[in-house]
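Residue-level structural notes
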Amino acid sequence: MNKIAAYFNFSELKTNVRTESLAGLTTFVSMAYILFVNPSVLGASGMSKGAVFTATALASALGCLLMGLVAKYPIAIAPGLGVNAFFTYSVVIGMGVKWETALAGVFVASVIFMIITIFKLREMIIDAIPRDMKLAISAGIGFFIAFIGLHGGGLIVANKSTVVGLGSLSVGTTWLTIFGLIVTLILMARKVPGGIFIGMVLTSILGLVTGLIKMPTTVVSAAPSLKPTFGVALSHIGDINSLQLIIVVLTFLLVTFFDTAGTLVGLAEQAGFMKDNKMPRVGKALMADSTSMLVGSVLGTSPTSAYVESSAGIAVGGRSGFSAVVTGILFIFGLFFSPLLNVVTDQVTAPALIIVGVLMAESLKQIHWERFEIAVPAFLTVIGMPLTYSISDGIALGFISYVITMVATKHGKDVHPLMYVLFFIFIIFLWILNV
């Protein structure tokens, strides 16, 4: 145990095995939904849901273990939401590309990913982002995941007249969310250790007792076979032979790059890891991400990325890579205890996401709002993420407007050269997504 504490710098980070284990468990419970959502989304493209389930669990486990053991950050990795929808609905269904070819595209994008990570290009880009924009990214992610929680819990719903509106209070599951939110608020306000996780447990119990959450019929089940998707990406690389497919590869690359970069920066700000506007060991964190993306594509899943739900684990005290290791191990166990994961519904995780959104919004106070050239891009970054339902789109809006306002106020010399490069890249990025 002493060797573990020394390896993960428990004393320096003022943490311990119990806290880190609870953080890892909280992060896992908060993001376990991806084990079921990802097969559902990719299954619509024609892929085997069972194989995708297993690939999702294994790719997530690998990413978390690498992030914890190598980069030593309490940040989990799993197939990203949003990019999996792009894979299925834009590439396969929209463009008519076979899922086998799309998977090959993910593999090629991951190889490029690893190359630019090895040459520290990704690291240079993250370091080039101004502190105000990093703070805005952190707050924006907070708003985004709070919106996910409000919607998933039924408190905010789609409305034809007003775009969004208050959910129906006549729905039992919505009251389950309200119960969980109230309990968690009280626990957090009274500074009860592990308040978020305790709130999730109590909400699950209430759901089972009232019948709002179905009691699992079985506890253990065998992991589905990988055979339908394993190695398919490698055997279809030759299919990437047109401009359209090259654009698909570049889009996979851009979306995953900025989703991960934005999430890493946001979580690092939340946990207090940033030093002199730089994230220590960011190269190792990016390598963990790109490696899991590469392996994931071979196993049979869409691109992996750092997960914003890691903020739930950080909120309960996670500060070392040990919590990510715990999350990774739980993903492996998740392969065999999949029926139990159905107990953790959107209504159970919603309160945790909302509370974490509140905690991450704290970074707003450090942004220089009195400077209009800073306030505009910061605001567009923060508001853009929840309203476009995309971290990368919010970053795009913020970065483009940042260069414009800085040049307009004759502060162009203060802008890092890479920010100008990103300015044009994001314009092309938005054009590709829409055209």
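Keep in mind that what you see is a predicted model, and the values were worked out from it rather than measured.

**Observations regarding the pattern of salt bridges**
Counted according to the given criterion, the structure contains three salt bridges. Note that lysine 365 and glutamate 362 form a salt bridge whose closest N and O atoms lie 3.3 Å from each other. The exposure class of lysine 365 is exposed, given its relative accessible area of 61%. Arginine 371 is the partner of glutamate 373 in a salt bridge, and the nearest nitrogen-oxygen pair spans 3.0 Å.

**What to know about a nonpolar patch on the surface**
Together, Val219, Val220, Ile329, Ile332, Phe333, Phe336, Phe337 and Leu340 make up a nonpolar patch on the protein surface, roughly 660 Å² of accessible area in all. Sorting elements by how many residues they give to the nonpolar patch places helix α16 (residues 321–334) first, with three residues. What makes phenylalanine 337 partly exposed here is its relative accessible area of 32%.

**Concerning the packing of helix α6 (residues 83–94) against helix α13 (residues 243–271)**
Their axes nearest at 10 Å, the elements α6 and α13 cross at an angle of 160°. The angle between α6 and α13 places the two elements in the roughly antiparallel class. The way α6 lies across α13 gives a crossing that is right-handed. On the side of α6, the interface is formed by Val83, Phe86, Phe87 and Val91, while α13 contributes Val248, Thr251, Phe252, Val255 and Thr256. Residues belonging to the contact of α6 with α13 are distributed by class as follows: seven nonpolar, two polar and no charged.

**Some words on the pairing of strand β3 (residues 163–166)**
Sheet topology note: the strand β2 (residues 156–159)/β3 ladder contains four bridges and is antiparallel. Pairing of asparagine 159 across the sheet is with valine 163, part of β3. Linking two consecutive strands that pair antiparallel, namely β2 and β3, is a turn of three residues.

**Considering the side chain of glutamate 373**
With respect to the helices, strands and loops of the structure, glutamate 373 is situated in helix α19 (residues 372–388). Taking the relative accessible area as the measure of exposure, glutamate 373 reaches 9% and is therefore buried. Here arginine 371 takes part through its side chain, which lies 3.0 Å from a polar atom of the side chain of glutamate 373. Sequence-distant contacts of glutamate 373, defined by excluding residues within four places in its chain, comprise Thr405, Met406, Thr409 and His411.

**Quick look at helix α10 (residues 172–189)**
Here α10 spans 26 Å end to end across 18 residues, near enough to the 26 Å set by a 1.5 Å rise per residue. Taken as a whole, α10 has its buried residues at Thr174, Leu176, Thr177, Ile178, Gly180, Leu181, Val183, Thr184 and Leu187. Buried residues along α10 sit in contact with α11 (195–210) and α18 (346–360). Just past α10, the residue lysine 191 takes up positive phi, approximately 55°.

**Details of the environment of isoleucine 246**
One can find isoleucine 246 in helix α13. Considered as a pair, isoleucine 246 and alanine 109 are 137 residues apart in the sequence and their alpha carbons are 9.6 Å apart.

**Some points on the packing of aromatic side chains**
Any two aromatic rings considered together are summarised by their centre-to-centre distance and by the angle between their planes. In this structure the tally under the stated criterion is 14 aromatic pairs. Here phenylalanine 28 and phenylalanine 331 contribute two aromatic rings whose centre-to-centre distance is 5.1 Å and whose plane-to-plane angle is 85°, an arrangement assigned as edge-to-face. Note that phenylalanine 28 is positioned in helix α3 (residues 17–31) and phenylalanine 331 in helix α16, a separation of 303 residues in sequence. We note that phenylalanine 28, like phenylalanine 331, is buried. Ring centres of phenylalanine 36 and phenylalanine 53 lie 5.9 Å apart, and the angle between their planes is 50°; this geometry places the pair in the tilted category. Of the two residues, phenylalanine 36 sits in helix α4 (residues 34–43) while phenylalanine 53 sits in helix α5 (residues 49–71), which places them 17 residues apart along the sequence. Assessed through its relative accessible area of 28%, phenylalanine 36 is described here as partly exposed. Of the residues examined, phenylalanine 53 reaches a relative accessible area of 8% and is grouped as buried. Put simply, the rings of Tyr7, Phe8, Phe10 and Phe322 touch in pairs and so form one group of aromatic residues. Above the plane of the ring of tyrosine 7 lies lysine 72, whose end atom (NZ or CZ) is 4.0 Å from the centre.

**With respect to the nonpolar core**
Membership of the largest hydrophobic core comes to 121 residues, with the highest contact counts inside it found for Met67, Phe87, Phe252, Phe399 and Phe426. A per-element tally of this core places α13 first, with 15 residues. Setting aside chain neighbours within four positions, we find phenylalanine 87 in contact with Leu42, Ser45, Met47, Val92, Trp99, Ala102, Leu103, Val106, Phe252 and Ser302. Core analysis: the next-biggest nonpolar cluster, separate from the first, contains five residues, Phe8, Phe322, Val325 and Val326 among them.

**Regarding the packing of α4 against α5**
Remark: α4 packs on α5, axes separated minimally by 8 Å, with the N-to-C direction vectors making an angle of 135°. With respect to their mutual orientation, α4 and α5 come out oblique. In this structure, the crossing between α4 and α5 has a hand that is right-handed. Contact with α4, carried on its side by Ile34, Leu35, Phe36, Asn38, Pro39, Ser40, Leu42 and Gly43, involves Lys49, Val52, Phe53, Thr56 and Ala57 of α5 and no other residues of that element. The residue inventory of the contact of α4 with α5, partitioned by class, reads eight nonpolar, four polar and one charged.

What counts, and where the lines are drawn
Residues numbered from 1 in each chain as written. Predicted model: local features only at pLDDT ≥ 70, side-chain atom pairs only at ≥ 80, totals over all residues. Heavy atoms only, no water. Salt bridge = Lys/Arg side-chain N within 4 Å of Asp/Glu carboxyl O. Buried < 20%, exposed > 50% of the residue type's maximum accessible area, 1.4 Å probe, protein only. Patch = residues over 30% accessible without salt bridge, like charges linked within 9 Å, V, L, I, M, F, W, Y side chains within 5 Å. Areas by Shrake-Rupley, 256 points an atom, 1.4 Å probe, with all protein chains shown as cover. Helix = DSSP H or I, 4+ residues; strand = E, 2+ residues; numbered from the N terminus. Axes fitted to C-alpha atoms, helices over the stretch in contact; angles between N-to-C directions. Parallel < 35°, antiparallel > 145°, perpendicular 65-115°, else oblique. Left-handed = near helix turned anticlockwise from the far one by under 90°. Contact = heavy atoms within 4.5 Å. Nonpolar A, V, L, I, M, F, W, Y, C, P; charged D, E, K, R; others polar. Pairing = 2+ DSSP bridges. Polar contact = N/O pair within 3.5 Å; in protein donor to acceptor, adjacent residues only side chain to side chain. Expected span 1.5 Å × (residues − 1). Phe/Tyr/Trp six-rings, centres within 6.5 Å; stacked < 30°, edge-to-face > 60°. Lys NZ or Arg CZ within 6 Å of the ring centre and 35° of its normal. Core = buried A, V, L, I, M, F, W, Y, C linked by side-chain atoms within 4.5 Å.

Honestly, it's all geometry; don't read function into it.
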